Amino acid sequence: MAKLILSMDGLVLKEINLEKERITIGRKPHNDIQIDNLAISGVHAAVVTILNDSFLEDLDSTNGTLVNGQPVKKHFLRHNDVIELGKYKLKYLNDTPVAAQGSDYEKTMIIRPATFKPVAPDAVPAQGDHSLGSQTLAPGGEGAQPTPAAALPGAVIQILNGANAGKELPLVKTLTSLGKPGVQVAVIARRPQGYFITHVEGAHFPVVNGHTLDAQAHPLKDHDVIEISGVKMEFFLKS
């Protein structure tokens, strides 16, 4: 299991196992990792862990976040990376073996008209000009650790509005990202237990069937309606 080692001036203060899919770091007491220091913002950063991969997001902190001495807004974490927040350091440890090239992992997903299988043109009416962007979750074949999911029924996402209305995206990869980088991004994970959606980036969380999700993974059911970045889409299972 991946973990973070919190230290200051070389003194280890705490060890945190990354058991939750999303943990927050900041000065306020409601954070999963509280650092009571004025150089740290109230909610400074978050670490999202999906399967065996973790990535760091700076939450518009006042003094910024460094990884290995470089300022970052979003960073895919690798074993022995050092996160710096003021005088505090968080060392990321994850010795899970790197998966082989060509693994069943959706590193980048871009929703464009050519990406989808066409359906009847009158199946879903277009409602304005919205689109989904792309989000890179892992670089160059590193860090992906797929979970076998062959026993699962197939599933697709069908866009309900915007320029891609009526198009379908098969969810054939272990991880598929949806949204607009810098605005709102979510990930659909294909697991042995089913399909789960998790918030990754942005101030606004995904909406499923009219209800706003929290930071934890949410299981998807047949015909659930998801809204991300103003785009509505329907999740359904293929028989």
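What counts and what doesn't
- Residues numbered from 1 in each chain as written.
- Predicted model: local features only at pLDDT ≥ 70, side-chain atom pairs only at ≥ 80, totals over all residues.
- Heavy atoms only, no water.
- Helix = DSSP H or I, 4+ residues; strand = E, 2+ residues; numbered from the N terminus.
- Buried < 20%, exposed > 50% of the residue type's maximum accessible area, 1.4 Å probe, protein only.
- Contact = heavy atoms within 4.5 Å.
- Areas by Shrake-Rupley, 256 points an atom, 1.4 Å probe, with all protein chains shown as cover.
- Pairing = 2+ DSSP bridges.
- Axes fitted to C-alpha atoms, helices over the stretch in contact; angles between N-to-C directions.
- Core = buried A, V, L, I, M, F, W, Y, C linked by side-chain atoms within 4.5 Å.
- pLDDT = per-residue confidence, 0-100.
- Salt bridge = Lys/Arg side-chain N within 4 Å of Asp/Glu carboxyl O.
- Phe/Tyr/Trp six-rings, centres within 6.5 Å; stacked < 30°, edge-to-face > 60°.
- Lys NZ or Arg CZ within 6 Å of the ring centre and 35° of its normal.

Undergrad: Teacher, can you tell me more about the overall build of the chain here?
TA: Helix and strand counts for the chain come out as zero helices and 21 strands. A total of 239 residues make up the chain; the buried ones form 49% of that total. Contacts in the chain between residues at least 24 apart in sequence constitute 51% of all its contacts with a sequence separation of at least 6. Accessible surface for the chain amounts to roughly 11500 Å². Of this, 52% is attributable to carbon and sulfur atoms.

Undergrad: Quick question: what am I supposed to make of the sheet that holds strand 4 (residues 33-34) here?
TA: Think of a sheet as strands paired side by side through backbone hydrogen bonds, with each pair either parallel or antiparallel. An order of 4-3-5-6-9 is seen for the five strands of this open sheet, with the pairing classed as mixed. Each end of this open sheet is capped by a strand with a single partner; those strands are strand 4 and strand 9 (74-76). Pairing analysis gives three bridges linking strand 6 (residues 53-58) to strand 9, with the strands arranged antiparallel. Residue pairing in the sheet places glutamate 57 in a bridge with lysine 74 of strand 9.

Undergrad: Looking at this model, I keep getting lost on the sheet that holds strand 2 (residues 11-17). Mind explaining?
TA: In space, the six strands of this open sheet follow the order 2-1-11-10-7-8, with antiparallel pairing throughout. A strand with exactly one partner marks an edge of an open sheet, and here the two such strands are strand 2 and strand 8 (70-72). Neighbour-to-neighbour, the strand axes of this sheet turn through a mean angle of 30°, independent of strand direction. As paired elements, strand 7 (residues 65-67) and strand 10 (residues 82-85) share two bridges and run antiparallel to each other. Bridge pairing links valine 67 to isoleucine 83 in strand 10.

Undergrad: Would you mind going over the nonpolar core with me for this structure?
TA: One broad rule of soluble globular proteins: the nonpolar side chains tend to lie buried together. In terms of nonpolar packing, the biggest core is built from 21 residues, with Leu4, Ile33, Val47, Leu56, Ile83 and Leu90 touching the most fellow members. Counting residues per element, the ones that place at least two in this core are strand 1 (3-8), strand 3 (22-26), strand 5 (45-50), strand 10 and strand 11 (88-93). By residue number, the principal contributor to this core is strand 11, which donates three residues. When neighbours within four sequence positions are excluded, leucine 56 is seen to be in contact with Ala45, Ala46, Val47, Thr65, Val67, Val72, Lys73, Lys74, His75, Leu77 and Ile83.

Undergrad: Explain the confidence of the model for the chain here, please?
TA: Do not read the fine detail of predicted coordinates wherever pLDDT is low. Residues with a pLDDT of 70 or more make up 76% of the chain, whose mean pLDDT is 77. Across residues 98-150, where pLDDT falls below 50, the model places 134 contacts with residues more than four positions away in sequence or in other chains.

Undergrad: Even after reading the chapter, I still don't get the pattern of salt bridges, so can you show me in this structure?
TA: A side chain of one charge can pair with a side chain of the opposite charge if their charged atoms are brought near each other. This model, assessed by the stated rule, comprises five salt bridges. Between aspartate 32 and lysine 20 there is a salt bridge, and its shortest N-O distance comes to 2.7 Å. Taken as a pair, aspartate 32 in the loop between strand 3 and strand 4 and lysine 20 in the loop between strand 2 and strand 3 lie far apart in primary sequence, 12 residues in all. Of the residues examined, aspartate 32 reaches a relative accessible area of 32% and is grouped as partly exposed. Here the salt bridges do not stand alone but share partners, grouping Asp58, Asp60 and Lys73 into one network.

Undergrad: Just checking my understanding: could you explain the packing of aromatic side chains for this structure?
TA: Aromatic ring pairs are described here by two measures, namely the spacing of the ring centres and the angle between the planes. Across all of its chains, the model carries one aromatic pair by this definition. Stacked on the ring of phenylalanine 196, the Lys or Arg arginine 191 has its end atom at 4.8 Å from the ring centre.

Undergrad: I tried to follow unusual backbone geometry on my own but got confused; where do I start?
TA: At asparagine 80, a residue that is not glycine, the phi angle is positive and equals roughly 80°. With respect to the helices and strands, asparagine 80 occurs in the loop between strand 9 and strand 10. For asparagine 209, which is not a glycine, the phi torsion comes out positive at approximately 55°. Assignment of secondary structure puts asparagine 209 in the loop between strand 17 (207-208) and strand 18 (211-212).

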